[in-house]
Protein chains: 2
Amino acid sequence: MRATVLSGGIGGARFLRGVTAVVKPGDVTVIGNVGDDIEVLGLHVSPDLDSILYALAGISDEERGWGRADESWNALEAVSDLGGESWFRLGDRDIGLHLVRTELLRSGMRLSEITGRLAAALGLGCALLPATDDPLRTFVETEAGTFAFQEWFVARGHRDEVDAVHYTGAHNARPAPGVLDAIEAADAIVIAPSNPYVSIGPIVAVEEIRAALEGRRSPCIAVSPLIGGRAVKGPADRMLARLAGGTGPAAVAGCYAGLIDALVIDEADAPAEVPGIRTVVAKTLMVDDHARRRLAHAVLDAAAAVA
Amino acid sequence: MRATVLSGGIGGARFLRGVTAVVKPGDVTVIGNVGDDIEVLGLHVSPDLDSILYALAGISDEERGWGRADESWNALEAVSDLGGESWFRLGDRDIGLHLVRTELLRSGMRLSEITGRLAAALGLGCALLPATDDPLRTFVETEAGTFAFQEWFVARGHRDEVDAVHYTGAHNARPAPGVLDAIEAADAIVIAPSNPYVSIGPIVAVEEIRAALEGRRSPCIAVSPLIGGRAVKGPADRMLARLAGGTGPAAVAGCYAGLIDALVIDEADAPAEVPGIRTVVAKTLMVDDHARRRLAHAVLDAAAAVA
């Protein structure tokens, strides 16, 4: 069973730990969001790709919920002391990765190739591909103005309600090498429990990726990131309420219109009927390895059932 | 008494702690070497300027002899784990400074202005100027080949005997803003106890700096970096033996021909006569604050005596 998973950061990364525990990792390809990538202190940071790298390498900080375990913060403290930009939290070990990535980008290597190198160095068994090697960035429109994603999310603590989301560069972005093949070759395509607007939205904003999903020959199953209409973490529920008019399964499924055959929802959101697709009920809160594996099984079973 | 000091890294930085203890720091201008600057992991590192910054800010690691106190090494460990370039030892706090410097350089700011900012942020009382804002780099010729300074010094552990030293870019390099004024306005010009070839050489290879020193109206006093013909640390003695034919005061003074009026030598090298300049005997080993101040006093007294 070859699985191709579209994923954002933390929630997606946790889910992927489940997927790679129940499917042979070599049969898993992850297509990661780069819409929230940011150039900070001259470093190219890819927060979602890194959350996946760290989670699958088993070196993520589970308590903090992001970044690396056993992290220190001395570089950023020095930056701050010297009057540099320190609003974006970068740990020392994390900076090490960004230095390597940025240096390779400057040497002309593509993000996808670099990501493959990092994944190999960290011992990942699955393939991790950025959705695109081209500059594609998420911007949010709010009453306070239009902000680059991280400015809104981190610097402003995503306090502003979002009226619209834009993906600059999406029109010209080509899928990274391997992305279309992975969609084509998959026995199951899965959309991880990530924010539809700012995690999955930028991926499916790449026209050829969207077209490949629309023309899929294997089932595509999305996992709702909401439990009882609430986000486990982050602004997904507020964004859905405002942009989709609700936080129920139909609102989530509406974000993926034409792209999915089934939506896995939590027990807290059942029963639910969504016209045109199946809904599958599961326990979606990923509190531990067991819960992650159980959810992955439920999703892949749903894919088999749809197929 | 306005003092302008030409300085390399560690030895010079220690000496400067003495100078700024006996002269009002606001009356001291340091002209620092940039010949051993290096671009590593995309970071612009200025080892000699940083040694001075850290020493005068009181945050240098005295035991290790270079870098910052209370340092951690997690970023470089991550770089190494990921297959990145890790031969050049960069601590986390140190990387913080390099990130700030590099980002400002990329924004178009000159190294001299950035160095002034860093010095102010670290609370330095004196002025610190790079010799030049232009790219000037030290290369050494050896039997094993020609190497960029840090490649020879760090990567190869300065094991190769040096047949010649080159300063690429020196011909086109202009003194950084303030450098010529500082030489002109000084009551005493001092060459710190630094390696004549790789610390002071790159500074005086800037033609207008050399001309300003040659045309000086105030005395210029050099402090020999050798004690009993031996370097306290580093390859200065081996370089002098091979390139100047000896490690006595005359060999050191020969490196500064036309540039100095007196040479301060250690008791271990006395008595010594050097044609054309005075020799002044002092205890030059800077074991503690007292020794640093005593040496600074001896040097400034010598300047007053020559004047």
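Residues numbered from 1 in each chain as written. Chains lettered and ligands numbered in written order. Predicted model: local features only at pLDDT ≥ 70, side-chain atom pairs only at ≥ 80, totals over all residues.

## Here's the deal with the relation of the copies chain A and chain B
With an RMSD of 0.0 Å, chain A superimposes on chain B once it is rotated by 180 degrees and translated 0.0 Å along the axis. On this basis, the relationship between the two copies can be described by a two-fold rotation axis. In terms of proximity to the rotation axis, the leading residue of chain A is Asp92 of chain A, whose C-alpha is 3.1 Å off the axis. A shared interface surface links the copies, since 100% of the contact residues of chain A are contact residues in chain B too. (Least-squares fit on C-alpha atoms with pLDDT ≥ 70 in both. Contact = placed C-beta atoms within 7 Å.)

## Notes on the sheet that holds strand β7 (residues 145-148) of chain B
Residues and elements named next belong to chain B. The strand order across the open sheet formed by three strands is β7-β6-β8, and the pairing between neighbours is antiparallel. Every interior strand has two partners, whereas the edge strands, β7 and β8 (162-168), have only one. Ignoring which end each strand starts from, the neighbouring axes of this sheet average 25 degrees apart. Summarising the sheet, strand β6 (residues 137-142) and β8 pair through six bridges and their orientation is antiparallel. (Pairing = 2+ DSSP bridges. Helix = DSSP H or I, 4+ residues; strand = E, 2+ residues; numbered from the N terminus. Axes fitted to C-alpha atoms, helices over the stretch in contact; angles between N-to-C directions.)

## Digging into the confidence of the model for chain A
Where the model shows low pLDDT, its predicted coordinates should not be examined in detail. Across chain A, pLDDT averages 97, with 100% of residues at or above 70. Confidence metrics for the complex model read pTM 0.96 and ipTM 0.94. (pLDDT = per-residue confidence, 0-100.)

## Focus on the packing of helix α4 (residues 92-106) of chain A against helix α3 (residues 74-81) of chain B
It is at 7 Å that the axes of α4 of chain A and α3 of chain B come closest, and there the two elements cross at 45 degrees. One element, α4 of chain A, and the other, α3 of chain B, form an angle in the oblique class. For the pair α4 of chain A and α3 of chain B, the crossing hand works out as right-handed. On α3 of chain B, the residues that touch Asp92, Arg93, Ile95, Gly96, Leu97, Leu99 and Val100 of chain A of α4 of chain A are Asn74, Ala75, Leu76, Glu77, Ala78 and Val79 of chain B. (Parallel < 35°, antiparallel > 145°, perpendicular 65-115°, else oblique. Left-handed = near helix turned anticlockwise from the far one by under 90°.)

## Digging into the sheet that holds strand β1 (residues 3-7) of chain A
Residues and elements named next belong to chain A. A sheet is described by the order of its strands in space; here seven strands give the open sequence β5-β2-β1-β9-β10-β13-β14, paired in parallel fashion. At either end of the open sheet lies a strand with only one pairing partner, and these are β5 (127-130) and β14 (278-282). For this sheet, the mean angle separating the axes of adjacent strands, direction not counted, is 25 degrees. Pairing geometry for β1 and strand β2 (residues 28-32), over five bridges, is parallel. From the neighbouring strand, Leu6 faces β2, where its bridge partner is Ile31. Contacts from helix α1 (residues 10-22) reach β1, β2 and β10 (220-223), with the element oriented near 165 degrees to β1.

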